[in-house]
2 protein chains.
Amino acid sequence: MTKQTDKKKHHHGNLREALITAGVELLEEGGIDALTLRKCAQRAGVSHAAPAHHFDGLQGLKLAIAERGFQMFSKYLRDAIDTGPQTPHDRMRSIAVGYVRFGQDHAGLLDVIFGGHGLAAIVNEGGRDEAEAYLILREVCAPFVPEGDNPLVVEAQVWSLIHGFTLLFLAGEFGPPDQPLDGGPFDQIMALLARVGTPP
Amino acid sequence: MTKQTDKKKHHHGNLREALITAGVELLEEGGIDALTLRKCAQRAGVSHAAPAHHFDGLQGLKLAIAERGFQMFSKYLRDAIDTGPQTPHDRMRSIAVGYVRFGQDHAGLLDVIFGGHGLAAIVNEGGRDEAEAYLILREVCAPFVPEGDNPLVVEAQVWSLIHGFTLLFLAGEFGPPDQPLDGGPFDQIMALLARVGTPP
DNA sequence: GGGTCAAACTTGACACTGTAAAGTAAGCGC
DNA sequence: GCGCTTACTTTACAGTGTCAAGTTTGACCC
């Protein structure tokens, strides 16, 4: 049994976390293409082959980064909700704002989390942090679930709408991605979001 | 003025199209990571540096592949709409079916089209084929646009919802991505889609 | 304390990638 | 025939992920 309270390891001292942090930094600075095993290693001050002892190759590192990313993502959602007014409708709007804001602030992380082969693999492996984000969604959706209905229905509707809007918005499909949310296409999405789970 | 009707070029005979086709094939066989300039060149029977004379590097090739992908995408949408019943609501459902089907059949292409740095660049450059897909969307949305309203509102709602659902569905967030659409979460999305553009 | 051993890390190598520069060949106008 | 632009090849180089060995380090046990 190791005695130290913090997880200092043999040589470097929790290299694993340092590599993830380096990866997040690279991601923010240069996007998904700048994320490289060797550059992470260099930034953490170790040799290029050191990461192999902590992750299963580049994909393993991306998985770990996605885990960290989900934590940040959950924090964005939670903060947005806690900061705004507490009407069910306002909380719904807040989670959407948090979703888009996270994408604006951390586009590279969003790519790792939701892009390509990322998501499915994460869900099946270390889906704890993603589950937390989903719990926030569930919590916000709950007031809109009709009595006796499966909450999954509203959740799928809300998630799909917000997710799709965020990606298209960030891709510039609805105008410049750095435009303010209020008064833009975001409001139109919220209008539809307000009709979620209501009887026809 | 060149005399040949088909665009046979000097040596290879329209290498450009051959490279794009090779790229699409690689994409279907091995996903986005299998798409490589050198492998495309090899498959087209030319040296690895030949593609540089037709595309601006790998990104240029991806752009051209995305253009081809948008043509296939539009065909999927159009076919789905033409095949099904012609009620406005049915046409709306059909375009969503075509969207998801395209993703199921050509996941790699969807990555190139909508993933990463793809979309924004395409829109700003050779957005002709993407415009065609958007025109189909517009056409299907038209009956749902309230008198005097800006059609962009409904279009943004519909596109966001379908796009988000497709990506999440293909990522396995709503169960196995090869499950039949009828009777699954897809129906729940369609339920919300039916409330598009209606007054509150 | 000293020995044992496994984990953490380094070194070196390999195949593969994109890209640039220089060389070669092929088609076209004249 | 002669130039000359275009299409393509050859060669080279800096990075990349990954594997197979070495080397160091720390922990544990007697």
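What counts and how
Residues numbered from 1 in each chain as written. Chains lettered and ligands numbered in written order. Predicted model: local features only at pLDDT ≥ 70, side-chain atom pairs only at ≥ 80, totals over all residues. Heavy atoms only, no water. pLDDT = per-residue confidence, 0-100. Helix = DSSP H or I, 4+ residues; strand = E, 2+ residues; numbered from the N terminus. Contact = heavy atoms within 4.5 Å. Near = heavy atom within 4 Å. Polar contact = N/O pair within 3.5 Å; in protein donor to acceptor, adjacent residues only side chain to side chain. Core = buried A, V, L, I, M, F, W, Y, C linked by side-chain atoms within 4.5 Å. Buried < 20%, exposed > 50% of the residue type's maximum accessible area, 1.4 Å probe, protein only. Axes fitted to C-alpha atoms, helices over the stretch in contact; angles between N-to-C directions. Parallel < 35°, antiparallel > 145°, perpendicular 65-115°, else oblique. Nonpolar A, V, L, I, M, F, W, Y, C, P; charged D, E, K, R; others polar. Expected span 1.5 Å × (residues − 1). Phe/Tyr/Trp six-rings, centres within 6.5 Å; stacked < 30°, edge-to-face > 60°. Left-handed = near helix turned anticlockwise from the far one by under 90°. Salt bridge = Lys/Arg side-chain N within 4 Å of Asp/Glu carboxyl O.

(A) View of the confidence of the model for chain A. All names here are of chain A. Averaged over chain A, the pLDDT score is 88; the fraction of residues at 70 or greater is 86%. Summarising per-element confidence for chain A, the mean pLDDT is lowest in helix H6 (residues 118-124) (52) and highest in helix H4 (residues 88-105) (97). Across residues 1-8 the pLDDT falls below 50, and counting only partners more than four positions away or on other chains, this stretch makes three contacts in the model.

(B) How the structure looks around the protein's contact with DNA strand C. With respect to spatial proximity, 22 residues lie near DNA strand C, and among them His12(A), Ser47(A), His53(A), His54(A) and Arg38(B) are the closest. Near the protein, within 4 Å, the atoms of DNA strand C are sugar or phosphate in 60% of cases. One of the side-chain N or O atoms of His54(A) is found 2.6 Å from a phosphate oxygen in DNA strand C. In this structure, Leu37(B) approaches DNA strand C through a main-chain N or O atom, which is 2.9 Å from a phosphate oxygen. Broken down by secondary-structure element, the contributors of at least two residues to the surface near DNA strand C are helix H2 (37-44) and helix H3 (57-83) of chain B.

(C) View of the nonpolar core. Core analysis: the largest hydrophobic core is formed by 114 residues, its most contacted members being Ile65(A), Val158(A), Ile65(B) and Val158(B). In this view, Ile65(A) contacts Ile20(A), Gly23(A), Val24(A), Leu27(A), Leu35(A), Leu109(A) and Val112(A); residues no more than four positions away in its chain are not counted.

(D) Examining the environment of Gly184(A) more closely. With respect to the helices, strands and loops of the structure, Gly184(A) is situated in the loop between helix H8 (151-170) and helix H9 (185-193). Considered as a pair, Gly184(A) and Phe174(A) are 10 residues apart in the sequence and their alpha carbons are 8.6 Å apart.

(E) Inspection of the packing of helix H1 (residues 15-30) of chain A against helix H3 (residues 57-83) of chain A at higher detail. Residue and element names in this part refer to chain A. Where H1 contacts H3, the axes come no closer than 9 Å and their chain directions differ by 80°. With respect to H3, the axis of H1 lies roughly perpendicular. The segment H1 lies against H3, with Arg16, Glu17, Leu19, Ile20, Thr21, Gly23, Val24 and Leu27 engaging Leu61, Ala64, Ile65 and Arg68. Residues of the contact of H1 with H3, tallied by class, amount to seven nonpolar, two polar and three charged.

(F) The environment of Gln86(B), seen in detail. Residues and elements named next belong to chain B. Residue position: Gln86 is located in the loop between H3 and helix H4 (88-105). Judged by its relative accessible area of 43%, Gln86 falls in the partly exposed class. Within the structure, the side chain of Gln86 is placed 3.0 Å from the backbone oxygen of Ile81, a separation counted as a polar contact. Only 2.7 Å separates the side chain of Gln86 from the side chain of Arg91, close enough to count as a polar contact.

(G) Quick look at H3(A). Taking 1.5 Å per residue, 27 residues should reach 39 Å; H3(A) reaches 39 Å between its end C-alpha atoms and fits that length. Turning to H3(A), its buried residues number three or more, namely Gly60(A), Leu61(A), Ala64(A), Ile65(A), Ala66(A), Gly69(A), Phe70(A), Phe73(A), Ser74(A), Leu77(A), Ala80(A) and Ile81(A).

(H) Representation of the packing of aromatic side chains. Residues and elements named next belong to chain B. The full count for this structure, using the stated rule, is 24 aromatic pairs over all chains. Here Tyr134 and Trp159 contribute two aromatic rings whose centre-to-centre distance is 5.6 Å and whose plane-to-plane angle is 70°, an arrangement assigned as edge-to-face. Taken as a pair, Tyr134 in helix H7 (residues 128-141) and Trp159 in helix H8 (residues 151-170) lie far apart in primary sequence, 25 residues in all. A relative accessible area of 7% places Trp159 in the buried class.

(I) Spatial organisation of the packing of helix H1 (residues 15-30) of chain B against H2(B). Residues and elements named next belong to chain B. Between H1 and H2, whose axes approach to 8 Å, the crossing angle comes to 115°. In this structure, the crossing between H1 and H2 has a hand that is right-handed. Of the residues in H2, those touching H1 at Leu15, Ala18, Leu19, Ala22, Gly23, Glu25, Leu26 and Glu29 are Lys39, Cys40, Ala41, Arg43 and Ala44. When its residues are assigned to classes, the contact of H1 with H2 shows eight nonpolar, one polar and four charged.

(J) Main features of helix H5 (residues 107-114) of chain A. The buried count for H5(A) comes to six of eight residues, which makes it a mostly enclosed element. Those residues of H5(A) not exposed but buried are Gly108(A), Leu109(A), Leu110(A), Val112(A), Ile113(A) and Phe114(A).

(K) Region of the structure containing the pattern of salt bridges. Residue and element names in this part refer to chain A. Using the criterion set out here, one finds 18 salt bridges over all chains in the structure. Between Arg78 and Glu139 there is a salt bridge, and its shortest N-O distance comes to 3.2 Å. Residue Arg78 is located in helix H3, and its partner Glu139 is located in helix H7 (residues 128-141); the two are separated by 61 residues in the primary sequence. Judged by its relative accessible area of 28%, Arg78 falls in the partly exposed class.

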